[in-house]
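In case you want the letters, here they are:
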Protein chains: 2
Amino acid sequence: MLDGKPPGERIPILKMGEFLLVTIQVEMHDRLVMTLQDELTHQIVLHRARGVLIDISALEIVDSFIGRALGNIANMARILDAETVVVGMRPAVAITLIELGLRLEGVRTALNAEKGMALIRRRLGQTGDLDGPRA
Amino acid sequence: MLDGKPPGERIPILKMGEFLLVTIQVEMHDRLVMTLQDELTHQIVLHRARGVLIDISALEIVDSFIGRALGNIANMARILDAETVVVGMRPAVAITLIELGLRLEGVRTALNAEKGMALIRRRLGQTGDLDGPRA
């Protein structure tokens, strides 16, 4: 289905146990975000994934467009019963976000992928079912 | 150190337990390969990683340049006592590789990241120490 697209037209989603892992390396644009949302929601259901890790360590800028895209993905995942954690944010990105007045609402963050996984595991362990307090 | 480079100038390396995970999404060129080799070897030593997973599911072409780069990375990792597995190769890429007469020598492959991890774990478990038969 996705063959024939040049590199950068698709962001790989890796399954790691009950997690899905996405590393964003290329500039996000409308169609790429749509494709990612499509595939990610599809794979959450397919693999019954409980957590989504989005690594943004390659990104030097997170603007309102990307911020909104991350928030949308987190919300979509949540209603499919999966928790999203954005990991690997650079210090400069955090500074810029606040300077721009962006809050990344609805998006959880962790320092790196390992801590992100631990965060999701803790939440899964604590509540047994993630949609308790958030549903 | 790496700030100031545009997206695509750096391939993120994620630490996952004793593994390092790299997903290649952008077109590889000389400097990017050099940077990846530098950072990966550095991180193998820093984190005492035992395995490196390289996901190429986003690549539609693996030519002799990329094939050689993957082989070099695998060899560098091996002398640092880490096993490299290339995962997520598309069927069309496998066909093209063979048609081009490329063999990806010295590079282990697995269908996906999970199977790649299992492969490395098996090898770690079997020999206790990876450099037994290969040293």
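Here the structure is a predicted model, which is why all the values come from computation and not from measurement. (Residues numbered from 1 in each chain as written. Chains lettered and ligands numbered in written order. Predicted model: local features only at pLDDT ≥ 70, side-chain atom pairs only at ≥ 80, totals over all residues. Heavy atoms only, no water.)

Colleague: Please explain the side chain of T23 of chain A as it appears in this structure.
Modeller: Relative to the helices and strands, T23 of chain A resides in strand 2 (residues 19-23). At 2.6 Å, the side chain of T23 of chain A and the side chain of T23 of chain B are in polar contact. The residues contacting T23 of chain A, other than those within four sequence positions of it, are I11 and D55 of chain A together with L14, T23 and Q25 of chain B. (Helix = DSSP H or I, 4+ residues; strand = E, 2+ residues; numbered from the N terminus. Polar contact = N/O pair within 3.5 Å; in protein donor to acceptor, adjacent residues only side chain to side chain. Contact = heavy atoms within 4.5 Å.)

Colleague: What should I look at first to understand the sheet that holds strand 5 (residues 108-110) of chain B in this one?
Modeller: The pairing of strands in a sheet happens through backbone hydrogen bonds and is either parallel or antiparallel. Residues and elements named next belong to chain B. Sheet architecture is open: 5 strands sit in the order 1-2-3-4-5, paired in mixed fashion. In the strand order of this sheet, the two ends are held by strand 1 (13-16) and strand 5, each with one partner. The sheet shows a mean angle of 30° between the axes of neighbouring strands, direction not considered. Pairing of strand 1 with strand 2 (residues 19-23), which is carried by 4 bridges, proceeds in the antiparallel orientation. What sits directly across from M16, in strand 2, is F19. Sitting on the sheet, helix 1 (residues 30-47) is in contact with strand 1, strand 2 and strand 3 (51-55), with an inclination near 160° to strand 2. (Pairing = 2+ DSSP bridges. Axes fitted to C-alpha atoms, helices over the stretch in contact; angles between N-to-C directions.)

Colleague: What am I meant to see in a nonpolar patch on the surface here?
Modeller: Residue and element names in this part refer to chain A. Together, V45, I79 and L80 line one region of the surface with nonpolar side chains, adding up to about 310 Å² of accessible area. Note that I79 resides in helix 2 (residues 64-79). I79 gets classed as exposed once you look at its relative accessible area, which sits at 76%. (Patch = residues over 30% accessible without salt bridge, like charges linked within 9 Å, V, L, I, M, F, W, Y side chains within 5 Å. Areas by Shrake-Rupley, 256 points an atom, 1.4 Å probe, with all protein chains shown as cover. Salt bridge = Lys/Arg side-chain N within 4 Å of Asp/Glu carboxyl O. Buried < 20%, exposed > 50% of the residue type's maximum accessible area, 1.4 Å probe, protein only.)

Colleague: Would you take a moment to explain the pattern of salt bridges for this structure?
Modeller: Working definition: two side chains of opposite charge can pair if their charged atoms are close together. Inspection of every chain in the model, using the stated rule, returns 12 salt bridges over all chains. In this structure, E114 of chain B and K15 of chain A form a salt bridge, with 3.1 Å as the shortest nitrogen-oxygen distance. Within this pair, whereas E114 of chain B is found in helix 4 (residues 113-127), its partner K15 of chain A is found in strand 1 (residues 13-16), the two belonging to separate chains. For E114 of chain B, a relative accessible area of 28% puts it in the partly exposed group. One connected set of salt bridges, linked through shared partners, spans E83, R108 and R123 of chain A.

Colleague: Teacher, can you tell me more about the side chain of Q37 of chain B here?
Modeller: Residue and element names in this part refer to chain B. Relative to the helices and strands, Q37 is located in helix 1. Taking the relative accessible area as the measure of exposure, Q37 reaches 11% and is therefore buried. In contact with Q37, other than residues within four places in its own chain, are A69, N72, I73 and M76.

Colleague: Any chance you could explain the confidence of the model for chain A here in plain terms?
Modeller: Do not read the predicted coordinates in detail wherever pLDDT is low. All names here are of chain A. Averaged over all residues, the pLDDT of chain A is 86; the fraction at 70 or higher stands at 87%. Across chain A, element-level confidence peaks in strand 3 (residues 51-55) with a mean pLDDT of 97 and bottoms out in helix 5 (residues 131-134) with 42. Note that residues 1-5 has pLDDT below 50 and, in this model, 11 contacts with residues that lie over four places away or in other chains. For this predicted complex, the interface score ipTM comes out at 0.76, while the overall pTM is 0.82. (pLDDT = per-residue confidence, 0-100.)

Colleague: Honestly, the sheet that holds strand 3 of chain A in this entry has me stumped. Any pointers?
Modeller: Residue and element names in this part refer to chain A. Across the sheet, which stays open at both edges, the 5 strands sit in the order 1-2-3-4-5 with mixed pairing between neighbours. Pairing within the sheet leaves two strands with one partner each, and these edge strands are strand 1 and strand 5 (108-110). Direction aside, neighbouring strands of the sheet carry axes that sit 30° apart on average. The pairing of strand 4 (residues 83-87) with strand 5 spans 3 bridges and is parallel. Counted as the bridge partner of V86 is T109 from strand 5. In this fold helix 1 (residues 30-47) packs onto strand 1, strand 2 and strand 3, with an angle of close to 160° to the strand it touches most, strand 2.

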